[in-house]
Amino acid sequence: MTESVSITVDDKTIVVAKGANLLSASLANGIYIPHLCYMEHLQPAAASCRLCFVEVDGRSGPVPACTVTVEEPLTVRTDAPAVRRLQKAGLQLLLSVHRVECKNCPANRRCELQRIAKFLKVGLKPGKLAQRFKQPEIDASHPCLNYYPNRCVLCGKCVHVCRAQHRDVVLTFARRGFDTVVGCYGLSGSSAPSCRDCRACIDVCPVSALLPK
Amino acid sequence: MSQTSPHRYRQLRNEADRRRREWNESALPKIHIGMATCGIAAGAQETRAAFEEALAEAGVPAHIRAVGCCGHCYAEPVVIIDHPQSGFPPIFYPEVNAGKARMLAKLFLKEGDPRLEHILGATVANDLIPSVMEFPRFNLEHRLIMERCGRIDPEDIYDYIAEGGYEALADTLGRGPEDVIEAVARSGLRGRGGAGFLTGRKWALARAAAGPAKYVICNADEGDPGAYMDRTLLESNPHQVIEGMIIGAHAVGAGRGIIYVRAEYPLAVRILTRAVEQARALGLLGQGILGSALDFDIEVFQGSGAFVCGEETALIQSIEGFRGMPVHRPPYPVAGGLNGRPTLINNVKTLASVPVILQGGVEAFRAVGTEQSPGTAIFSGVGSVVHPGLVEVPMGTSLRTLIFDICGGVPKKKKFKAVQIGGPSGGYLSGAHLDTPIDFDSLAQAGAMMGSGGMVVMDEDACLVDVSRFFLDFTQKESCGKCTFCRIGTRHLLEILERLTQGEGREGDLDLLRQLSEDVKAGSLCGLGKTAPNPVLTSLRYFQDDYEAHVKEKRCPGKMCRPLIAYYIDLEKCARGCNACEGCCPVDAVFITRDRKRGIDQSKCVKCGECVVACPPEYDAVRRVSPPHLAPVIERPPAEEKDPKS
Ligand SMILES: Cc1cc2nc3c(=O)[nH]c(=O)nc-3n(C[C@H](O)[C@H](O)[C@H](O)COP(=O)(O)O)c2cc1C
Ligand code: SF4
Ligand code: SF4
Ligand code: FES
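Note that this is a predicted model, so its numbers are computed, not measured.

1. Side note on the domain arrangement of chain B
For step 1, the next point in the chain: The domain architecture assigned to chain B consists of domain 1 (22–134), domain 2 (165–365), domain 3 (376–462), domain 4 (465–553) and domain 5 (565–641).
For step 2, the next point in the chain: Measuring from the centre of the C-alpha atoms in domain 1 of chain B to the corresponding centre in domain 4 of chain B gives 48 Å.

This is the structure in structure tokens:
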């Protein structure tokens, strides 16, 4: 039998299995923490969206909840001012490179960005930041997928499911820094057919940045 | 078994001593040429060819030996000539180009006249000529790690052994690993890769980690713009680093070593590869090193040169064949690193310090530097200093001593303005900080950091907004793109800085810069993003006036930002009939005034500054002002009067 540990999240006591992931355990207990990149089976967590910040007693500054493994009793706050400030800043950064055209977007109403904005009680606006978009609007180089760089939040989930499911990996990150995108470089003749039967990346995308042709 | 190591080592040492004796006893002149990358860039290949040719012509036999870099970059190509028959001690000659080489071959090597007007000094104290040790650049330095750089032949392992090299290893192999770790811990050595983590503690963690297959990685990625101390060490004395790695392997129980060196360092790669082969041939690498139970071998891995690949987790990803993206820590590499195995990663300089500590003793090492940061710091001092180059100073030396005494201060009688320390992750310090001691904690406290040891000195003409823009441009290009704050935040920081340098700064920009910097610092995943805002934050803190001037007055105090400056010609100083500026202007903006002097047409001028350079120093008539409207209006005469010859 696995040992359990009891932790306190926002004054609520929850009992979790020793070694559980803090983000996953909080979500399972009805405590929402904004998140985009967390995947249950990916070890160690990608920790790339930088939204799931919480404060943990005994640690300085906000830490991403998806990187915390519960080994001992913890006291956690998910709504500390420093946490909220970072989450809003992170969301604004994402929105500064995101085409907010919800009405025409297939993700409308099930979009994770909408959900996070609503939770943080902020609009879908980049604040004082200028908006910057990538060209071209649609990358259609994949035989059965279209990729929308100005919707993508670069959570990396599609890349990880692709890597987990296929020996010949199709999706990878391409370019660097601000210009980073998801690409399908090295697409070999043999991998395209497997894409036709696999929708893993389309299904996992939180913002409908990958769509079937 | 503990007896075999010293015995095997003795054999190697005897052979090395024999070779060294033969070399020392040779009556022929010995010419040492600094042929690391910096020397070669300054023309050392041509210098060497010129010596060879001229000596052959003159029929003078001599030994010519390529050595590494001694750190005196301002003096390259550096040549040291030891000519026993001339009666002079070994002499240090700076800036020996091919012509000087031919001259020295004839006059000194053949005829015995050392041409004293060309020397920097003798390398040792003597009664005949002044010694280089009389210069602060030499006598204020304290060389622990670079001691042999520029003195020995990096391609000859026996040259290193003759200097006592690998003796620390032979000793160590007879001692228990815990003993070695304890000595490194007591020395207080801190990682020279930037963060200053205690090396002894890291080694103990790696030792304690479970599993037989462990790795030792030498981090020689060195991606900071302007930093080149790791390259110099590897090119000038590779065996000291290799020895440090083998000792590390013994201490933590590792079987494989990797030197991660950037492919842009072809000479370092070549020298390292050769050094590893030589060490293997002498039984210093491979199975049963020096007859002990230690099996350890090293491979040289060429990285493709991204700055972020110097970050330890990205470096490991890159060796594993993935895109060089950092991974959240923990797990730290000491617990789960390369291929999931415990991995000890240390910087080149950290590893090179280890043999020095074990050979010279912990106390001797601790006697240099400060209590919390023992030993020396190696800096590459560049920018507005008289003597740029690599310097090794005791930790705790003040910035003032480093900049003004050792590097010779700011040239051309200009005023010191700022020093940027720690590369793109570091920060600026102002004149008020010149008495700050150089050590990990004091620099961090002042807002800069030790980083990799890059130091850029700036004079009164520097614009801190523009230099911050330069560093942000670098970091945002080098961001791996993984995490939100660094990927997008650094781009916005750069855009705001660009706006300021173009005179388009707005009310509120400085607050936005500050806020965004704090967010990127707090929100980013790895050290690159966490430190990228440092140049912005420290310049805002110590040089806020520079920023305010850009936003409120559209003025650049350093007169660097082109859209905010104008050039004009001071008619009081301009000489009638001189045509220097007109001839050099690429856009024909210089015209002739009614009284046959020169004026600049502001509507045409692209502010390249060529005319400043062209105007003869005795007139010095071209002025630079900011904001541009301060330039007096000089009317252009009507077109028909323009050409006096027609
Ligand atoms: C963006 C970034 C770049 C780095 N580049 C280097 C480097 O070029 N060389 C290096 O030794 N350490 C570099 N580091 C530090 C390494 O991650 C690591 O801390 C170091 O190699 C550990 O060695 P040490 O304990 O000997 O200092 C870098 C860190 C970051 C965040
Ligand atoms: S396409 Fe979708 S799943 Fe893939 S990185 Fe972008 S947002 Fe994430
Ligand atoms: S901080 Fe920058 S370099 Fe580091 S992981 Fe994030 S995006 Fe990559
Ligand atoms: S879910 Fe934790 S950083 Fe993205």
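2. Thoughts on the site of ligand 2
For step 1, the next point in the chain: Surveying the vicinity of ligand 2 reveals 13 residues, the closest of which are Cys152(A), Cys155(A), Gly156(A), Cys158(A) and Cys205(A).
For step 2, the next point in the chain: Split by residue class, the shell around ligand 2 holds 12 nonpolar, one polar and no charged.

3. Some remarks on the packing of helix 3 (residues 44–58) of chain B against helix 4 (residues 98–110) of chain B
All names here are of chain B.
For step 1, the next point in the chain: Direction vectors running N to C along helix 3 and helix 4 enclose 35°, while the axes themselves pass 8 Å from each other. As for the relative orientation of helix 3 and helix 4, their crossing is right-handed in sense. For the pair helix 3 and helix 4, the contacting residues are Glu 46, Thr 47, Ala 50, Phe 51, Ala 54, Leu 55 and Ala 58 in the first and Ala 98, Ala 101, Arg 102, Leu 104, Ala 105, Leu 109 and Lys 110 in the second.
For step 2, the next point in the chain: Looking at the contact of helix 3 with helix 4 residue by residue, the classes come out as 10 nonpolar, one polar and three charged.

4. A few points about the site of ligand 3
For step 1, the next point in the chain: Close contacts around ligand 3 come from 13 residues, with Cys480(B), Lys482(B), Cys483(B), Cys486(B) and Cys526(B) the closest.
For step 2, the next point in the chain: A class-by-class count of the residues in the shell around ligand 3 yields eight nonpolar, four polar and one charged.

5. Considerations on the domain arrangement of chain A
Residue and element names in this part refer to chain A.
For step 1, the next point in the chain: The domains assigned to chain A are domain 1 (1–132) and domain 2 (145–212).
For step 2, the next point in the chain: The straight-line distance from the C-alpha centre of domain 1 to that of domain 2 is 23 Å.
For step 3, the next point in the chain: The partner domain 2 presents 14 residues to the 20 residues of domain 1 that form the contact.
For step 4, the next point in the chain: Note on domain 1 versus domain 2: buried area summed over both sides is about 1,400 Å², and carbon and sulfur give 64% of it.
For step 5, the next point in the chain: When the buried surface of domain 1 facing domain 2 is broken down by residue, Leu 36, Met 39 and Val 97 rank first, second and third, together holding 31% of it.
For step 6, the next point in the chain: At the junction of domain 1 with domain 2, the criterion picks out zero salt bridges.
For step 7, the next point in the chain: Seen at the junction of domain 1 and domain 2, the total is five residue pairs in polar contact (both at pLDDT 80 or more).
For step 8, the next point in the chain: A class-by-class count of the residues in the side of domain 1 that touches domain 2 yields 13 nonpolar, three polar and four charged.

6. Some remarks on the packing of aromatic side chains
For step 1, the next point in the chain: The full count for this structure, using the stated rule, is 10 aromatic pairs over all chains.
For step 2, the next point in the chain: One aromatic cluster is present, formed by Phe88(B), Tyr93(B) and Phe108(B) through successive ring pairs.
For step 3, the next point in the chain: For the cation-ring pair, Arg151(A) lies above Tyr148(A), with the distance from its terminal atom to the ring centre recorded as 4.0 Å.
For step 4, the next point in the chain: The side chain of Arg231(B) reaches across the aromatic face of Tyr265(B), ending 5.8 Å from its centre.

Reading the values: the criteria
- Residues numbered from 1 in each chain as written.
- Chains lettered and ligands numbered in written order.
- Predicted model: local features only at pLDDT ≥ 70, side-chain atom pairs only at ≥ 80, totals over all residues.
- Heavy atoms only, no water.
- Domains from an automatic or database assignment.
- Near = heavy atom within 4 Å.
- Nonpolar A, V, L, I, M, F, W, Y, C, P; charged D, E, K, R; others polar.
- Axes fitted to C-alpha atoms, helices over the stretch in contact; angles between N-to-C directions.
- Helix = DSSP H or I, 4+ residues; strand = E, 2+ residues; numbered from the N terminus.
- Left-handed = near helix turned anticlockwise from the far one by under 90°.
- Contact = heavy atoms within 4.5 Å.
- Buried area = accessible area lost by both parts, 1.4 Å probe.
- Salt bridge = Lys/Arg side-chain N within 4 Å of Asp/Glu carboxyl O.
- Polar contact = N/O pair within 3.5 Å; in protein donor to acceptor, adjacent residues only side chain to side chain.
- Phe/Tyr/Trp six-rings, centres within 6.5 Å; stacked < 30°, edge-to-face > 60°.
- Lys NZ or Arg CZ within 6 Å of the ring centre and 35° of its normal.

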